[in-house]
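An overview of the molecular structure
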Amino acid sequence: MSLISGFEHFVRENEPLSPLTSLRLGGAAEYFAEPTSVDELVAIVKRFSEEGVSVRLIGAGSNVLVPKDGVKGLVINLSAPAFCQIEIDGTKMRVGGGARLSHVVSNAVREGLNGPQHLVGMPGTIGGALHSNVNFPNVDIGTWVRSVDVMKRTGERLTYRGEEVAFSSHQSSFGDLVILAVEVEFEKESPESLTKQMQKLWIVSKAKRPPADLNAAYVFRDPSGESAGDLIESAGLKGSSVGGVSLFDANPNYMVASDGADAGDVVKLIDMVTNQVNEKLGVKLETAIQIW
Ligand SMILES: Cc1cc2nc3c(=O)[nH]c(=O)nc-3n(C[C@H](O)[C@H](O)[C@H](O)COP(=O)(O)OP(=O)(O)OC[C@H]3O[C@@H](n4cnc5c(N)ncnc54)[C@H](O)[C@@H]3O)c2cc1C
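Residues numbered from 1 in each chain as written. Predicted model: local features only at pLDDT ≥ 70, side-chain atom pairs only at ≥ 80, totals over all residues. Heavy atoms only, no water.

**A look at the side chain of N63**
Here is the rule we go by: Note on conventions: DSSP H or I runs of at least 4 residues are helices, E runs of at least 2 residues are strands, and numbering of each starts at the N terminus. Under this definition, polar contacts are N or O atom pairs within 3.5 Å; protein pairs additionally need one hydrogen-donor-capable and one acceptor-capable atom, and for neighbouring residues in sequence, both atoms have to be side-chain atoms. Any pair of residues with heavy atoms lying within 4.5 Å of one another is described as a contacting pair.
Here N63 is to be found in the loop between β3 (55-58) and β4 (64-65). A polar side-chain atom of N63 sits 3.1 Å from a polar atom in the side chain of S132. Discounting chain neighbours no more than four positions away, the residues touching N63 are S132, Y218, A288, I289 and Q290.

What follows is the structure, given as structure tokens:
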């Protein structure tokens, strides 16, 4: 029996991952699954885990760097409708792990839920955002969480209360748990006021982030109280590049990949920036991006 027997309808072999990442870099996944239900997800995770084969999740791929030679094992994408539902009940919102942040923002603003408007312009899924505990001025996504439905690699499903999950700068305690769905809660505010806020935040976001047509990634965590982008600039590294990968001018905490770049260029530029910032400013930057 092959590893994917019975799962052929939602598992493919040797699937290129670069189109699934915001950097558009990296090789293929040995196996790639897009389950259409929780039952299929449980079954495939159990099979691969029991066989000792590695299992990874990919959301919108905006916080992962896939190596040039690709990855062994299984990569799962929760893009099927079963994992992308958004339900709102009063001040509470229940969001599937594969739902796009842009959908969370538009639903919240329309229903008068105050908070998600700050995420406007940020790529990603709610699963990826929670796993990476995305943050930006005055917002920390972990503080919105009331409960999270997760699945262990054994297929066992659990619900954690928000306070049972640890969030710190660009990190969470989810480890290798699969985030199936999250319940978040917000204060109410008028949709008109939230729409205005979102429009203003969108303009700010556009000025600071690489536009969607660039292949880009947000690279370093902000060390406490400081901005990684400001530190990189203070170290005189603005405009630096390695191979086909360069620092984004408006905020050098983003790297932008051009034609001919490969994942190795990103790693080399990360090493160069880390060393230079440490030497010149005595600050050790750590990566927010997950290097597979
Ligand atoms: C242009 C641009 C702007 C950005 N701006 C910001 C910013 O302002 N602030 C900030 O903090 N980040 C920022 N980021 C980083 C990125 O947008 C966030 O980290 C994003 O939320 C990641 O979501 P994703 O779905 O793309 O995750 P992925 O990159 O697909 O995955 C990230 C991690 O989460 C895991 N994961 C994904 N889905 C699940 C799941 N369902 N269950 C368990 N684990 C899962 C993956 O295995 C991986 O370890 C930016 C990125 C880009 C490209």
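**A look at the site of the ligand**
This is how the line gets drawn: Working definition: residue near molecule or strand if any one of its non-hydrogen atoms lies within 4 Å of it. With residues, only the protein chains shown are counted as cover, and all accessible areas are computed by Shrake-Rupley using a 1.4 Å probe.
Taken together, 31 residues are adjacent to the ligand, and L57, G59, S62, N63 and T125 come closest. At 2.6 Å from an oxygen atom of the ligand is found a main-chain nitrogen or oxygen belonging to G59. Protein contact buries 95% of the 980 Å² of open area that the ligand shows by itself. When residues of the shell around the ligand are traced back to their parent elements, those giving at least two are β3, α3 (126-131), β15 (178-185) and β17 (215-218). With four residues, α3 is the single largest residue contributor to the shell around the ligand.

**Section: the layout of surface pockets**
Take a probe with the size of a water molecule and roll it over the atoms, and the empty space left behind shows itself. For clarity, the threshold we go by: Think of a 1 Å grid over the protein atoms and nothing else: a 1.4 Å probe that fits but is trapped marks a cavity, an open set flanked by protein within 12 Å on at least five of seven lines marks a pocket, and residues with an atom within 4 Å of a point count as lining. Grid points are joined across faces, edges and corners, and a volume is the space filled by probe spheres set on the points.
Roughly 170 Å³ of volume is contained in the second largest pocket. Lining the second largest pocket, in full, are V38, A82, F83, Q85, E87, R94, V95, G96, D149, R157, L180 and A181. For the lining of the second largest pocket, the elements supplying multiple residues, two or more each, are β7 (92-96) and β15. The dominant element in the lining of the second largest pocket, judged by the number of residues it contributes, is β7, at three residues.

**Overview of the sheet that holds strand β19 (residues 245-247)**
Here is the rule: At least two DSSP bridges between two strands are needed for those strands to be called paired. Axis lines are fitted to C-alpha atoms, over the contacting stretch for helices. Their N-to-C directions set the angle, which ranges from 0 to 180 degrees.
One open sheet holds the four strands; their spatial order is β17-β20-β19-β18, and the pairing between them is antiparallel. This sheet does not close on itself; its edge strands, each paired only once, are β17 and β18 (241-242). The pairing of β18 with β19 spans two bridges and is classified as antiparallel. Looking at β19, one finds that V242 is bridged to V245. In this fold helix α6 (residues 263-281) packs onto β18, β19 and β20 (254-257), with an angle of close to 35° to the strand it touches most, β19.

**Some words on helix α2 (residues 101-111)**
Formally: Each residue is assigned to one of three classes by its accessible area relative to the maximum for its type, calculated with a 1.4 Å probe on protein chains only: buried under 20%, partly exposed between the two thresholds, exposed over 50%.
The complete set of buried residues in α2 reads L101, V104, V105, N107, A108 and V109. The secondary structure elements touched by the buried residues of α2 are β6 (86-89), β7, β8 (113-114), α3 and α4 (191-208). One or two residues past the end of α2 sits G112, with phi positive at roughly 75°.

**Some thoughts on the sheet that holds strand β12 (residues 157-161)**
Here we have five strands laid out as an open sheet, ordered β6-β7-β15-β11-β12, and antiparallel in their pairing. Whereas interior strands pair on both sides, the edge strands pair on one side only; in this sheet they are β6 and β12. Along the sheet, successive strands turn relative to each other by an average axial angle of 15°, direction set aside. Where strand β11 (residues 145-151) meets β12, five bridges bridge the pair, whose relative direction is antiparallel. Its bridge partner lying in β12, M151 is registered against R157. The strands that α2 touches are β6 and β7; relative to β6, the one it contacts most, it runs at about 25°.

**Quick notes on the domain arrangement of the chain**
Stated precisely, the cut-off is as follows: Boundaries between domains were set according to an automatic or database domain assignment. By definition, the buried area sums, over both parts, the 1.4 Å-probe accessible area that each loses when the two are put together.
In terms of domains, the chain is made up of domain 1 (11-81), domain 2 (84-193) and domain 3 (210-291). Distance from the C-alpha centre of domain 2 to the C-alpha centre of domain 3: 27 Å. Opposite the four residues of domain 2 that make contact, domain 3 presents four residues. Area buried by domain 2 at its contact with domain 3 is led by S169, H170 and Q171, which between them contribute 75% of it.

**Looking at the pattern of salt bridges**
Side chains bearing opposite charge may pair, as long as their charged atoms lie close to each other. Selection rule: Think of a salt bridge as a Lys or Arg side-chain nitrogen and an Asp or Glu carboxyl oxygen that are within 4 Å of each other.
Tallied over the full model, the rule gives 11 salt bridges. The closest approach of N and O atoms between E156 and K152, which form a salt bridge, is 3.6 Å. According to the relative accessible area criterion, K152 is partly exposed, its value standing at 33%. The residue E233 makes a salt bridge to K238 at a minimum N-O spacing of 3.8 Å. By relative accessible area, which is 38% here, E233 ends up partly exposed. In this structure K238 comes out as partly exposed when scored by relative accessible area, which is 40%. Connected through shared salt-bridge partners, R12, E15 and E34 make up one network.

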